[in-house]
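Here's the letter readout for the chains.
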Amino acid sequence: MCIRDRLEGWVTGLRLFTLSLRQQGIQDPGPLLMPRNISTITQYLIGEVLDSQPAVMSTYLLHTSILDRFCAPLCETISSAAIINGKENGDEAAVQHKTSEMDGERFLAWLTEENIFVIRLDEEGRWFRYHHLFQEILQELLQKRLDTEAIAGLHQVASAWFAENGLMEEALQHALAAGDTAAAANLIAKQRHVLMNQELHHILDHWLKQLPPEAVEGNAELLLAKGWLLDYQSRHEEIPPLLEKTAALLEADEALPAKERSVLGGEIAALRGILLYWMGQGQSSLDDFRQAIAVTPPAHEWVRGVALTFHAGAYQLVGQLEKAYEEIYKILTFGSEQIQAFTHRAYDALLGIEAMVGNLSRHEQAAQQQVAYTEPRKLFDSLGWARYSLGFVNYQRNELDAARLSFERLIDMRYLTHAAAAAQGYYGLALTYQALGNREKAGETRQEAMGWAAESGNPYLILEAYSFGARLALLQGGVPDPTPWAGLLGDEIPVMMLLQVPHLTFAQALLAEGTGAALQNAEELLMKLEQVAR
(Lines give C-alpha, C1' and ligand atoms only; values in the text may rest on other atoms or scores of the structure.)
Protein backbone atom coordinates (compact mmCIF):
# COMPACT_ATOMS: atom_id res chain seq x y z
CA MET A 1 0.00 0.00 0.00
CA CYS A 2 1.43 3.42 -0.95
CA ILE A 3 1.46 6.42 1.39
CA ARG A 4 -1.29 8.14 -0.60
CA ASP A 5 -3.59 5.21 0.18
CA ARG A 6 -2.62 5.15 3.84
CA LEU A 7 -3.31 8.88 4.24
CA GLU A 8 -6.64 8.58 2.37
CA GLY A 9 -6.55 12.03 0.81
CA TRP A 10 -5.35 13.80 3.94
CA VAL A 11 -3.75 16.89 2.35
CA THR A 12 -1.75 18.00 5.40
CA GLY A 13 -0.35 14.52 5.79
CA LEU A 14 0.74 14.41 2.16
CA ARG A 15 2.46 17.78 2.50
CA LEU A 16 4.26 16.66 5.63
CA PHE A 17 5.28 13.44 3.94
CA THR A 18 6.73 15.39 1.01
CA LEU A 19 8.55 17.65 3.46
CA SER A 20 9.99 14.56 5.17
CA LEU A 21 11.32 13.30 1.84
CA ARG A 22 12.85 16.67 0.95
CA GLN A 23 14.57 16.83 4.33
CA GLN A 24 16.22 13.58 3.29
CA GLY A 25 17.43 15.20 0.05
CA ILE A 26 14.69 13.68 -2.15
CA GLN A 27 13.22 16.48 -4.29
CA ASP A 28 10.86 14.29 -6.34
CA PRO A 29 8.62 11.97 -4.27
CA GLY A 30 7.99 9.90 -7.41
CA PRO A 31 5.08 7.46 -7.15
CA LEU A 32 4.66 8.07 -3.41
CA LEU A 33 5.78 4.63 -2.31
CA MET A 34 5.76 3.55 1.31
CA PRO A 35 8.15 5.88 3.19
CA ARG A 36 11.07 4.68 5.23
CA ASN A 37 10.63 7.58 7.59
CA ILE A 38 7.33 9.20 8.52
CA SER A 39 8.54 10.61 11.82
CA THR A 40 7.49 14.14 10.75
CA ILE A 41 3.90 12.98 10.34
CA THR A 42 3.96 11.12 13.67
CA GLN A 43 5.45 14.11 15.51
CA TYR A 44 2.83 16.41 14.01
CA LEU A 45 -0.04 14.14 15.03
CA ILE A 46 1.25 13.71 18.56
CA GLY A 47 2.21 17.35 19.05
CA GLU A 48 -0.59 19.14 17.28
CA VAL A 49 -3.51 16.77 17.73
CA LEU A 50 -3.08 14.80 20.93
CA ASP A 51 -0.85 16.79 23.26
CA SER A 52 -2.73 20.01 22.59
CA GLN A 53 -6.14 18.55 23.43
CA PRO A 54 -7.88 18.35 26.81
CA ALA A 55 -6.99 15.17 28.68
CA VAL A 56 -10.50 13.75 28.38
CA MET A 57 -10.36 14.14 24.59
CA SER A 58 -6.99 12.40 24.39
CA THR A 59 -8.38 9.59 26.54
CA TYR A 60 -11.37 9.15 24.24
CA LEU A 61 -9.10 9.15 21.19
CA LEU A 62 -6.79 6.51 22.61
CA HIS A 63 -9.52 4.23 23.93
CA THR A 64 -11.57 4.33 20.72
CA SER A 65 -8.52 3.58 18.56
CA ILE A 66 -9.21 -0.14 19.05
CA LEU A 67 -12.41 0.28 17.01
CA ASP A 68 -12.50 -0.07 13.23
CA ARG A 69 -15.74 1.91 13.31
CA PHE A 70 -17.56 3.72 16.09
CA CYS A 71 -20.72 5.58 17.00
CA ALA A 72 -21.57 7.82 19.95
CA PRO A 73 -23.02 5.16 22.31
CA LEU A 74 -20.09 2.83 21.62
CA CYS A 75 -17.50 5.56 22.27
CA GLU A 76 -19.19 6.46 25.51
CA THR A 77 -19.37 2.84 26.65
CA ILE A 78 -15.70 2.20 25.86
CA SER A 79 -14.29 5.29 27.50
CA SER A 80 -16.61 5.28 30.51
CA ALA A 81 -15.70 1.68 31.31
CA ALA A 82 -12.00 2.42 30.83
CA ILE A 83 -12.07 5.52 33.04
CA ILE A 84 -13.82 3.62 35.83
CA ASN A 85 -11.83 0.38 35.58
CA GLY A 86 -8.56 1.29 33.87
CA LYS A 87 -5.18 2.45 34.94
CA GLU A 88 -6.22 6.10 35.01
CA ASN A 89 -8.41 5.61 38.09
CA GLY A 90 -8.47 8.39 40.58
CA ASP A 91 -10.82 8.97 43.47
CA GLU A 92 -14.58 8.64 42.99
CA ALA A 93 -15.11 12.36 42.55
CA ALA A 94 -12.50 12.51 39.81
CA VAL A 95 -14.13 9.60 37.99
CA GLN A 96 -17.53 11.24 38.14
CA HIS A 97 -16.03 14.48 36.85
CA LYS A 98 -14.38 12.77 33.90
CA THR A 99 -17.50 10.83 32.90
CA SER A 100 -19.77 13.86 33.24
CA GLU A 101 -17.67 16.39 31.30
CA MET A 102 -17.68 14.28 28.10
CA ASP A 103 -20.06 11.85 26.40
CA GLY A 104 -20.13 10.09 23.06
CA GLU A 105 -22.27 12.68 21.25
CA ARG A 106 -20.05 15.56 22.33
CA PHE A 107 -16.94 13.58 21.41
CA LEU A 108 -18.17 12.92 17.87
CA ALA A 109 -19.27 16.54 17.50
CA TRP A 110 -15.79 17.63 18.55
CA LEU A 111 -14.15 15.21 16.11
CA THR A 112 -16.14 16.50 13.16
CA GLU A 113 -15.93 20.19 14.12
CA GLU A 114 -12.16 20.00 14.62
CA ASN A 115 -11.70 17.79 11.54
CA ILE A 116 -9.72 15.24 13.59
CA PHE A 117 -8.99 12.74 10.81
CA VAL A 118 -12.31 10.90 10.79
CA ILE A 119 -14.38 9.55 7.90
CA ARG A 120 -18.16 9.38 8.04
CA LEU A 121 -19.43 5.94 7.00
CA ASP A 122 -23.14 6.59 6.49
CA GLU A 123 -25.48 9.34 5.37
CA GLU A 124 -27.07 9.61 8.81
CA GLY A 125 -23.74 10.47 10.42
CA ARG A 126 -24.06 7.67 12.98
CA TRP A 127 -20.95 5.63 12.17
CA PHE A 128 -17.40 6.94 11.74
CA ARG A 129 -13.88 5.61 11.53
CA TYR A 130 -10.42 7.11 11.87
CA HIS A 131 -8.00 7.59 9.02
CA HIS A 132 -5.98 4.37 9.02
CA LEU A 133 -2.61 6.02 9.65
CA PHE A 134 -4.03 8.10 12.49
CA GLN A 135 -5.58 4.97 14.02
CA GLU A 136 -2.24 3.13 13.80
CA ILE A 137 -0.47 5.94 15.64
CA LEU A 138 -3.18 6.10 18.32
CA GLN A 139 -2.88 2.35 18.84
CA GLU A 140 0.91 2.62 19.23
CA LEU A 141 0.43 5.28 21.90
CA LEU A 142 -2.27 3.21 23.60
CA GLN A 143 0.14 0.29 23.91
CA LYS A 144 2.69 2.56 25.57
CA ARG A 145 0.21 4.02 28.07
CA LEU A 146 -1.84 0.95 28.99
CA ASP A 147 -0.75 -2.58 29.75
CA THR A 148 -1.95 -5.65 27.86
CA GLU A 149 -4.61 -6.49 30.43
CA ALA A 150 -6.15 -3.02 30.26
CA ILE A 151 -6.26 -3.06 26.45
CA ALA A 152 -7.85 -6.52 26.54
CA GLY A 153 -10.46 -5.03 28.87
CA LEU A 154 -11.30 -2.39 26.24
CA HIS A 155 -11.79 -5.13 23.65
CA GLN A 156 -14.03 -7.06 26.04
CA VAL A 157 -16.22 -4.01 26.58
CA ALA A 158 -16.40 -3.46 22.82
CA SER A 159 -17.30 -7.11 22.26
CA ALA A 160 -20.13 -6.92 24.79
CA TRP A 161 -21.51 -3.73 23.21
CA PHE A 162 -21.45 -5.15 19.69
CA ALA A 163 -23.09 -8.38 20.89
CA GLU A 164 -25.87 -6.48 22.69
CA ASN A 165 -26.54 -4.53 19.50
CA GLY A 166 -26.66 -7.59 17.25
CA LEU A 167 -23.35 -6.92 15.46
CA MET A 168 -21.92 -10.37 15.98
CA GLU A 169 -18.99 -10.33 13.56
CA GLU A 170 -17.43 -7.37 15.36
CA ALA A 171 -18.35 -8.82 18.75
CA LEU A 172 -16.42 -11.95 17.83
CA GLN A 173 -13.40 -10.04 16.52
CA HIS A 174 -13.07 -8.01 19.72
CA ALA A 175 -13.48 -11.10 21.93
CA LEU A 176 -10.63 -12.73 20.01
CA ALA A 177 -8.53 -9.55 20.19
CA ALA A 178 -9.03 -9.62 23.96
CA GLY A 179 -7.72 -13.17 24.04
CA ASP A 180 -11.05 -14.28 25.49
CA THR A 181 -11.51 -17.58 23.66
CA ALA A 182 -14.30 -18.69 25.98
CA ALA A 183 -16.34 -15.57 25.20
CA ALA A 184 -15.74 -16.01 21.47
CA ALA A 185 -16.84 -19.64 21.65
CA ASN A 186 -19.94 -18.65 23.60
CA LEU A 187 -20.84 -16.02 20.98
CA ILE A 188 -20.62 -18.59 18.18
CA ALA A 189 -22.61 -21.16 20.18
CA LYS A 190 -25.39 -18.61 20.71
CA GLN A 191 -25.45 -17.54 17.06
CA ARG A 192 -25.00 -20.86 15.28
CA HIS A 193 -28.71 -21.56 14.88
CA VAL A 194 -29.30 -18.04 13.52
CA LEU A 195 -26.65 -18.62 10.85
CA MET A 196 -27.82 -22.15 10.03
CA ASN A 197 -31.45 -21.02 9.84
CA GLN A 198 -30.41 -18.49 7.18
CA GLU A 199 -28.19 -21.08 5.43
CA LEU A 200 -25.13 -18.89 6.04
CA HIS A 201 -22.86 -21.88 6.47
CA HIS A 202 -19.86 -20.08 4.99
CA ILE A 203 -20.00 -17.51 7.80
CA LEU A 204 -20.33 -20.19 10.48
CA ASP A 205 -17.38 -22.01 8.94
CA HIS A 206 -15.33 -18.80 8.92
CA TRP A 207 -16.13 -18.13 12.58
CA LEU A 208 -15.26 -21.63 13.74
CA LYS A 209 -11.92 -21.53 11.93
CA GLN A 210 -10.92 -18.49 13.98
CA LEU A 211 -11.05 -20.51 17.20
CA PRO A 212 -8.22 -22.79 18.33
CA PRO A 213 -9.15 -26.47 17.69
CA GLU A 214 -9.30 -27.27 21.41
CA ALA A 215 -11.99 -24.63 21.92
CA VAL A 216 -14.22 -26.45 19.44
CA GLU A 217 -13.33 -29.97 20.57
CA GLY A 218 -14.30 -29.21 24.16
CA ASN A 219 -17.67 -27.60 23.40
CA ALA A 220 -20.65 -29.81 22.52
CA GLU A 221 -22.54 -27.04 20.72
CA LEU A 222 -19.55 -26.10 18.59
CA LEU A 223 -18.90 -29.75 17.77
CA LEU A 224 -22.48 -30.03 16.54
CA ALA A 225 -22.04 -26.85 14.50
CA LYS A 226 -18.97 -28.48 12.97
CA GLY A 227 -21.02 -31.62 12.34
CA TRP A 228 -23.61 -29.68 10.35
CA LEU A 229 -20.83 -28.07 8.34
CA LEU A 230 -19.35 -31.49 7.60
CA ASP A 231 -22.75 -32.62 6.31
CA TYR A 232 -23.03 -29.43 4.25
CA GLN A 233 -19.57 -30.15 2.80
CA SER A 234 -20.42 -33.84 2.16
CA ARG A 235 -17.67 -35.00 4.53
CA HIS A 236 -19.85 -37.69 6.04
CA GLU A 237 -17.01 -40.03 6.97
CA GLU A 238 -15.82 -37.45 9.53
CA ILE A 239 -19.16 -37.17 11.33
CA PRO A 240 -19.38 -40.45 13.36
CA PRO A 241 -16.33 -39.80 15.59
CA LEU A 242 -17.53 -36.25 16.11
CA LEU A 243 -20.93 -37.49 17.28
CA GLU A 244 -19.27 -39.92 19.69
CA LYS A 245 -17.18 -37.10 21.14
CA THR A 246 -20.24 -34.86 21.48
CA ALA A 247 -22.21 -37.57 23.27
CA ALA A 248 -19.30 -38.09 25.68
CA LEU A 249 -19.19 -34.37 26.49
CA LEU A 250 -22.93 -34.33 27.20
CA GLU A 251 -22.66 -37.37 29.44
CA ALA A 252 -19.77 -35.82 31.40
CA ASP A 253 -21.53 -32.48 31.91
CA GLU A 254 -23.57 -33.17 35.04
CA ALA A 255 -24.59 -29.50 35.37
CA LEU A 256 -26.27 -29.42 31.95
CA PRO A 257 -30.06 -28.90 32.28
CA ALA A 258 -32.13 -31.87 31.20
CA LYS A 259 -34.02 -29.93 28.51
CA GLU A 260 -30.83 -28.65 26.91
CA ARG A 261 -29.33 -32.13 27.04
CA SER A 262 -32.40 -33.50 25.26
CA VAL A 263 -32.28 -30.83 22.51
CA LEU A 264 -28.58 -31.44 21.86
CA GLY A 265 -29.25 -35.18 21.84
CA GLY A 266 -31.85 -34.52 19.16
CA GLU A 267 -29.20 -32.88 17.00
CA ILE A 268 -26.99 -35.92 17.39
CA ALA A 269 -29.92 -38.09 16.31
CA ALA A 270 -30.61 -35.89 13.27
CA LEU A 271 -27.02 -36.04 12.05
CA ARG A 272 -26.84 -39.78 12.68
CA GLY A 273 -30.13 -40.20 10.83
CA ILE A 274 -28.71 -38.42 7.77
CA LEU A 275 -25.82 -40.88 7.62
CA LEU A 276 -28.19 -43.83 7.96
CA TYR A 277 -30.50 -42.43 5.28
CA TRP A 278 -27.73 -42.15 2.70
CA MET A 279 -26.71 -45.71 3.50
CA GLY A 280 -30.25 -46.84 2.72
CA GLN A 281 -31.05 -47.86 6.32
CA GLY A 282 -34.59 -46.52 6.24
CA GLN A 283 -36.06 -47.75 9.52
CA SER A 284 -33.07 -46.76 11.65
CA SER A 285 -32.95 -43.31 10.09
CA LEU A 286 -36.70 -42.93 10.56
CA ASP A 287 -36.32 -43.66 14.29
CA ASP A 288 -33.57 -41.06 14.65
CA PHE A 289 -35.56 -38.38 12.83
CA ARG A 290 -38.60 -39.05 15.00
CA GLN A 291 -36.44 -38.45 18.07
CA ALA A 292 -35.00 -35.24 16.60
CA ILE A 293 -38.42 -33.84 15.65
CA ALA A 294 -39.82 -34.64 19.11
CA VAL A 295 -37.24 -32.55 20.99
CA THR A 296 -36.07 -29.86 18.54
CA PRO A 297 -37.75 -26.47 19.12
CA PRO A 298 -39.27 -24.63 16.11
CA ALA A 299 -36.75 -21.80 16.57
CA HIS A 300 -34.00 -24.22 15.50
CA GLU A 301 -35.35 -24.05 11.96
CA TRP A 302 -32.38 -25.64 10.19
CA VAL A 303 -32.16 -28.69 12.46
CA ARG A 304 -35.90 -29.24 12.65
CA GLY A 305 -36.34 -28.60 8.93
CA VAL A 306 -33.64 -31.09 7.99
CA ALA A 307 -35.17 -33.67 10.33
CA LEU A 308 -38.61 -33.13 8.77
CA THR A 309 -37.16 -33.40 5.26
CA PHE A 310 -35.33 -36.66 5.84
CA HIS A 311 -38.18 -38.01 7.96
CA ALA A 312 -40.43 -37.82 4.92
CA GLY A 313 -37.73 -39.30 2.68
CA ALA A 314 -37.11 -42.18 5.08
CA TYR A 315 -40.73 -43.27 4.73
CA GLN A 316 -40.04 -43.82 1.04
CA LEU A 317 -36.99 -45.94 1.89
CA VAL A 318 -39.16 -48.29 3.98
CA GLY A 319 -41.72 -48.59 1.19
CA GLN A 320 -44.33 -46.15 2.54
CA LEU A 321 -44.46 -43.67 -0.36
CA GLU A 322 -47.94 -42.38 0.43
CA LYS A 323 -46.89 -41.69 4.00
CA ALA A 324 -43.89 -39.77 2.66
CA TYR A 325 -46.17 -37.56 0.53
CA GLU A 326 -48.51 -37.13 3.50
CA GLU A 327 -45.69 -35.81 5.68
CA ILE A 328 -44.61 -33.35 3.00
CA TYR A 329 -48.06 -31.96 2.34
CA LYS A 330 -48.66 -31.72 6.06
CA ILE A 331 -45.82 -29.20 6.19
CA LEU A 332 -47.01 -27.35 3.10
CA THR A 333 -50.72 -27.11 3.77
CA PHE A 334 -51.82 -27.78 7.33
CA GLY A 335 -50.96 -28.88 10.83
CA SER A 336 -48.54 -27.67 13.46
CA GLU A 337 -45.69 -27.38 10.94
CA GLN A 338 -47.45 -24.67 8.92
CA ILE A 339 -44.58 -22.30 9.50
CA GLN A 340 -43.02 -20.50 6.56
CA ALA A 341 -39.51 -21.42 7.67
CA PHE A 342 -40.16 -25.09 6.83
CA THR A 343 -41.73 -24.59 3.40
CA HIS A 344 -38.50 -24.98 1.47
CA ARG A 345 -37.66 -28.04 3.55
CA ALA A 346 -40.86 -29.68 2.34
CA TYR A 347 -39.80 -28.95 -1.24
CA ASP A 348 -36.36 -30.41 -0.47
CA ALA A 349 -38.04 -33.65 0.56
CA LEU A 350 -40.30 -33.62 -2.47
CA LEU A 351 -37.33 -33.15 -4.82
CA GLY A 352 -35.58 -36.19 -3.34
CA ILE A 353 -38.67 -38.37 -3.50
CA GLU A 354 -39.58 -37.42 -7.07
CA ALA A 355 -35.98 -38.03 -8.17
CA MET A 356 -36.20 -41.63 -6.96
CA VAL A 357 -39.80 -42.17 -8.13
CA GLY A 358 -38.85 -40.91 -11.58
CA ASN A 359 -41.81 -38.58 -12.09
CA LEU A 360 -40.13 -35.87 -14.15
CA SER A 361 -43.19 -33.59 -14.35
CA ARG A 362 -43.73 -33.45 -10.60
CA HIS A 363 -39.95 -33.24 -10.07
CA GLU A 364 -39.79 -30.19 -12.36
CA GLN A 365 -42.80 -28.55 -10.72
CA ALA A 366 -41.31 -28.96 -7.24
CA ALA A 367 -37.96 -27.59 -8.44
CA GLN A 368 -39.59 -24.52 -10.00
CA GLN A 369 -41.55 -23.85 -6.81
CA GLN A 370 -38.37 -24.25 -4.77
CA VAL A 371 -36.44 -21.77 -6.94
CA ALA A 372 -39.29 -19.26 -6.69
CA TYR A 373 -39.34 -19.63 -2.91
CA THR A 374 -35.62 -19.76 -2.10
CA GLU A 375 -34.03 -17.38 -4.60
CA PRO A 376 -35.51 -14.12 -3.22
CA ARG A 377 -34.84 -15.33 0.34
CA LYS A 378 -31.21 -16.23 -0.49
CA LEU A 379 -31.58 -19.73 0.92
CA PHE A 380 -28.62 -20.98 -1.08
CA ASP A 381 -28.43 -24.57 0.14
CA SER A 382 -31.95 -25.39 -1.00
CA LEU A 383 -31.65 -23.17 -4.09
CA GLY A 384 -28.59 -25.13 -5.24
CA TRP A 385 -30.42 -28.44 -5.05
CA ALA A 386 -33.40 -26.93 -6.88
CA ARG A 387 -31.15 -25.75 -9.72
CA TYR A 388 -29.60 -29.21 -9.86
CA SER A 389 -33.07 -30.77 -10.07
CA LEU A 390 -34.09 -28.51 -12.96
CA GLY A 391 -30.90 -29.39 -14.82
CA PHE A 392 -31.44 -33.09 -14.08
CA VAL A 393 -35.00 -33.02 -15.47
CA ASN A 394 -33.96 -31.03 -18.55
CA TYR A 395 -31.09 -33.46 -19.23
CA GLN A 396 -33.35 -36.52 -18.91
CA ARG A 397 -35.78 -34.93 -21.38
CA ASN A 398 -32.95 -34.06 -23.78
CA GLU A 399 -33.72 -30.34 -23.32
CA LEU A 400 -30.01 -29.70 -23.48
CA ASP A 401 -29.84 -25.90 -23.73
CA ALA A 402 -32.09 -25.57 -20.69
CA ALA A 403 -30.02 -28.19 -18.85
CA ARG A 404 -26.79 -26.34 -19.62
CA LEU A 405 -28.23 -23.08 -18.28
CA SER A 406 -29.44 -24.69 -15.02
CA PHE A 407 -26.13 -26.45 -14.37
CA GLU A 408 -24.15 -23.29 -15.17
CA ARG A 409 -26.24 -21.29 -12.69
CA LEU A 410 -25.61 -23.94 -10.04
CA ILE A 411 -21.85 -23.90 -10.64
CA ASP A 412 -21.83 -20.10 -10.42
CA MET A 413 -23.07 -20.38 -6.80
CA ARG A 414 -20.86 -23.33 -5.84
CA TYR A 415 -19.27 -21.54 -2.87
CA LEU A 416 -22.68 -20.75 -1.39
CA THR A 417 -24.48 -24.05 -1.75
CA HIS A 418 -24.02 -27.67 -0.75
CA ALA A 419 -20.70 -29.13 -1.95
CA ALA A 420 -22.38 -32.28 -3.30
CA ALA A 421 -24.90 -30.22 -5.29
CA ALA A 422 -22.08 -28.20 -6.85
CA ALA A 423 -20.20 -31.39 -7.78
CA GLN A 424 -23.30 -32.84 -9.43
CA GLY A 425 -23.69 -29.56 -11.30
CA TYR A 426 -20.26 -30.07 -12.87
CA TYR A 427 -21.11 -33.65 -13.84
CA GLY A 428 -24.45 -32.58 -15.30
CA LEU A 429 -22.83 -29.83 -17.35
CA ALA A 430 -20.14 -32.18 -18.71
CA LEU A 431 -22.80 -34.76 -19.65
CA THR A 432 -24.84 -32.04 -21.34
CA TYR A 433 -21.86 -30.88 -23.42
CA GLN A 434 -21.20 -34.52 -24.35
CA ALA A 435 -24.82 -34.94 -25.47
CA LEU A 436 -24.48 -31.73 -27.51
CA GLY A 437 -21.52 -33.28 -29.30
CA ASN A 438 -18.98 -30.91 -27.74
CA ARG A 439 -16.38 -33.39 -26.49
CA GLU A 440 -13.82 -30.66 -25.82
CA LYS A 441 -16.10 -28.70 -23.50
CA ALA A 442 -17.17 -31.92 -21.81
CA GLY A 443 -13.53 -32.72 -21.10
CA GLU A 444 -12.81 -29.19 -19.83
CA THR A 445 -15.78 -29.38 -17.48
CA ARG A 446 -14.59 -32.77 -16.19
CA GLN A 447 -11.25 -31.16 -15.36
CA GLU A 448 -13.06 -28.34 -13.55
CA ALA A 449 -14.99 -30.96 -11.58
CA MET A 450 -11.71 -32.57 -10.56
CA GLY A 451 -10.40 -29.17 -9.49
CA TRP A 452 -13.51 -28.50 -7.44
CA ALA A 453 -13.25 -31.87 -5.71
CA ALA A 454 -9.55 -31.32 -4.96
CA GLU A 455 -10.27 -27.84 -3.63
CA SER A 456 -12.90 -29.23 -1.29
CA GLY A 457 -10.42 -31.72 0.15
CA ASN A 458 -13.33 -34.15 0.47
CA PRO A 459 -12.17 -37.76 -0.15
CA TYR A 460 -15.58 -38.91 -1.35
CA LEU A 461 -16.01 -36.01 -3.79
CA ILE A 462 -12.51 -36.74 -5.13
CA LEU A 463 -13.41 -40.42 -5.57
CA GLU A 464 -16.69 -39.39 -7.20
CA ALA A 465 -14.88 -37.06 -9.60
CA TYR A 466 -12.47 -39.82 -10.64
CA SER A 467 -15.39 -42.16 -11.25
CA PHE A 468 -17.06 -39.52 -13.40
CA GLY A 469 -13.89 -39.26 -15.47
CA ALA A 470 -14.26 -42.97 -16.19
CA ARG A 471 -17.92 -42.50 -17.09
CA LEU A 472 -17.12 -39.73 -19.56
CA ALA A 473 -14.35 -41.86 -21.08
CA LEU A 474 -16.91 -44.65 -21.62
CA LEU A 475 -19.29 -42.23 -23.33
CA GLN A 476 -16.45 -41.13 -25.62
CA GLY A 477 -15.66 -44.70 -26.66
CA GLY A 478 -12.83 -45.47 -24.29
CA VAL A 479 -12.27 -48.40 -21.95
CA PRO A 480 -11.07 -46.78 -18.71
CA ASP A 481 -9.16 -48.58 -16.00
CA PRO A 482 -11.17 -48.23 -12.77
CA THR A 483 -8.41 -49.68 -10.60
CA PRO A 484 -7.10 -46.34 -9.18
CA TRP A 485 -10.44 -45.47 -7.59
CA ALA A 486 -12.72 -48.52 -7.51
CA GLY A 487 -10.84 -50.11 -4.60
CA LEU A 488 -11.90 -47.18 -2.43
CA LEU A 489 -15.63 -47.68 -2.96
CA GLY A 490 -16.30 -50.03 -0.07
CA ASP A 491 -19.23 -52.39 0.30
CA GLU A 492 -21.78 -49.80 1.41
CA ILE A 493 -23.84 -48.56 -1.55
CA PRO A 494 -25.49 -45.17 -0.96
CA VAL A 495 -28.99 -44.19 -2.03
CA MET A 496 -28.92 -43.73 -5.82
CA MET A 497 -30.73 -40.49 -6.57
CA LEU A 498 -28.01 -38.34 -8.20
CA LEU A 499 -26.52 -38.12 -11.67
CA GLN A 500 -23.20 -39.65 -10.73
CA VAL A 501 -23.16 -42.95 -8.82
CA PRO A 502 -19.58 -44.32 -8.55
CA HIS A 503 -20.68 -47.94 -7.99
CA LEU A 504 -22.77 -47.85 -11.16
CA THR A 505 -19.88 -46.41 -13.16
CA PHE A 506 -17.67 -49.20 -11.82
CA ALA A 507 -20.14 -51.78 -13.10
CA GLN A 508 -20.18 -50.08 -16.51
CA ALA A 509 -16.36 -50.07 -16.62
CA LEU A 510 -16.29 -53.79 -15.82
CA LEU A 511 -18.77 -54.48 -18.62
CA ALA A 512 -16.63 -52.47 -21.04
CA GLU A 513 -13.54 -54.45 -20.01
CA GLY A 514 -15.38 -57.57 -21.14
CA THR A 515 -13.21 -60.30 -19.62
CA GLY A 516 -14.83 -63.27 -17.95
CA ALA A 517 -13.77 -62.16 -14.47
CA ALA A 518 -14.84 -58.57 -15.14
CA LEU A 519 -18.27 -59.66 -16.38
CA GLN A 520 -18.74 -61.87 -13.32
CA ASN A 521 -17.87 -58.98 -11.01
CA ALA A 522 -20.15 -56.66 -12.95
CA GLU A 523 -23.08 -59.07 -12.63
CA GLU A 524 -22.62 -59.38 -8.86
CA LEU A 525 -22.34 -55.62 -8.44
CA LEU A 526 -25.40 -54.93 -10.59
CA MET A 527 -27.44 -57.35 -8.50
CA LYS A 528 -26.44 -55.43 -5.38
CA LEU A 529 -27.33 -52.15 -7.05
CA GLU A 530 -30.71 -53.50 -8.07
CA GLN A 531 -31.39 -54.59 -4.50
CA VAL A 532 -30.52 -51.12 -3.19
CA ALA A 533 -32.68 -49.47 -5.86
CA ARG A 534 -35.69 -51.47 -4.69
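What counts, and where the lines are drawn
- Residues numbered from 1 in each chain as written.
- Predicted model: local features only at pLDDT ≥ 70, side-chain atom pairs only at ≥ 80, totals over all residues.
- Heavy atoms only, no water.
- Helix = DSSP H or I, 4+ residues; strand = E, 2+ residues; numbered from the N terminus.
- Buried < 20%, exposed > 50% of the residue type's maximum accessible area, 1.4 Å probe, protein only.
- Contact = heavy atoms within 4.5 Å.
- Areas by Shrake-Rupley, 256 points an atom, 1.4 Å probe, with all protein chains shown as cover.
- Salt bridge = Lys/Arg side-chain N within 4 Å of Asp/Glu carboxyl O.
- Patch = residues over 30% accessible without salt bridge, like charges linked within 9 Å, V, L, I, M, F, W, Y side chains within 5 Å.
- Phe/Tyr/Trp six-rings, centres within 6.5 Å; stacked < 30°, edge-to-face > 60°.
- Lys NZ or Arg CZ within 6 Å of the ring centre and 35° of its normal.
- Expected span 1.5 Å × (residues − 1).
- Arc of directions from axis to C-beta.
- pLDDT = per-residue confidence, 0-100.

Chemist: Mind showing me how you'd approach the overall build of the protein chain here?
Modeler: When its secondary structure is counted, the protein chain shows 29 helices and two strands. Taken across its 534 residues, the protein chain has 50% of its residues classed as buried. Considering only contacts in the protein chain between residues 6 or more positions apart, those separated by 24 or more positions represent 61%. Accessible area of the protein chain: about 24900 Å², with a carbon and sulfur share of 51%.

Chemist: In this structure, what is going on with the pattern of salt bridges? I would like to understand it.
Modeler: Pairs can form between side chains of opposite charge whenever their charged atoms are close. In this structure the tally under the stated criterion is 21 salt bridges. A salt bridge links Arg272 to Asp288; its shortest N-O distance comes to 2.8 Å. Separated by 16 residues along the polypeptide, Arg272 in helix H16 (residues 258-278) and Asp288 in helix H17 (residues 282-295) bring together distant segments of the chain. Of the residues examined, Arg272 reaches a relative accessible area of 34% and is grouped as partly exposed. Glu375 serves as the salt-bridge partner of Arg387, at 2.7 Å between the closest nitrogen and oxygen. In this pair, Arg387 sits in helix H22 (residues 380-396) while Glu375 sits in the loop between helix H21 (360-374) and H22, placing the two residues 12 residues apart along the sequence.

Chemist: Could you clarify how one ought to interpret unusual backbone geometry in this entry?
Modeler: Although it is not a glycine, Glu199 adopts a positive phi angle of roughly 60 degrees. Counting through the fold element by element, Glu199 comes out in the loop between helix H11 (181-197) and helix H12 (201-209). Located in the positive-phi region is Asn398, a residue other than glycine, with phi close to 65 degrees. Structurally, Asn398 can be placed in the loop between H22 and helix H23 (400-412). On the basis of relative accessibility, which here comes to 54%, the residue Asn398 falls in the exposed class.

Chemist: Hey, could you run me through a nonpolar patch on the surface in this one?
Modeler: The grouping of Leu504, Leu511, Leu519 and Leu526 at the surface amounts to a nonpolar patch, some 290 Å² of accessible area in total. Those elements that place two or more of their residues in the nonpolar patch are helix H28 (502-513) and helix H29 (516-533). Within the secondary structure, Leu519 sits in helix H29. Given the relative accessible area of 37%, Leu519 is considered partly exposed.

Chemist: Would you take a moment to explain the packing of aromatic side chains for this structure?
Modeler: The full count for this structure, using the stated rule, is 17 aromatic pairs. Following the ring pairs from residue to residue traces out a cluster consisting of Tyr277, Trp278, Phe289 and Phe310. It is Arg69 that lies over the ring of Trp127; its NZ or CZ is 4.0 Å from the centre. Taking NZ or CZ as reference, Arg377 lies 3.8 Å from the ring centre of Tyr373, over its face.

Chemist: Please clarify how H21 should be interpreted in this entry.
Modeler: Every α-helix winds through 3.6 residues per turn, so residues three or four apart in the chain are directed the same way. Under the 1.5 Å per step criterion, the end-to-end length of H21 is 21 Å for 15 residues, consistent within 8% with the ideal 21 Å. Listed in full, the buried residues belonging to H21 are His363, Ala366, Ala367, Gln370, Val371, Tyr373 and Thr374. Viewed along the axis of H21, the buried residues span an arc of 165 degrees, placing them on a single side of the element. In this structure, the buried side of H21 is in contact with helix H20 (343-357) and H22.

Chemist: Please explain the environment of Tyr433 as it appears in this structure.
Modeler: Of note, Tyr433 is situated in helix H24 (residues 419-435). The exposure class of Tyr433 is buried, given its relative accessible area of 10%. Between the C-alpha atom of Tyr433 and that of Ala403, which follows or precedes it by 30 residues, the distance is 9.7 Å. Once residues within four sequence positions are removed from consideration, Tyr433 is found in contact with Arg404, Glu408, Asn438, Lys441, Ala442 and Thr445.

Chemist: Is there a simple way to explain the confidence of the model for the protein chain in this structure?
Modeler: Per-residue pLDDT for the protein chain averages 85, and the proportion of residues at 70 or more is 84%. Per-element confidence in the protein chain ranges from a low mean pLDDT of 45 for helix H6 (residues 92-101) to a high of 97 for H23. A low-confidence stretch, residues 86-100 stays under pLDDT 50, and its non-local contacts, those more than four residues away or across chains, total 18 contacts. Segment residues 334-338 is flagged for pLDDT under 50; beyond a separation of four residues in sequence, or across chains, it makes eight contacts in the model.

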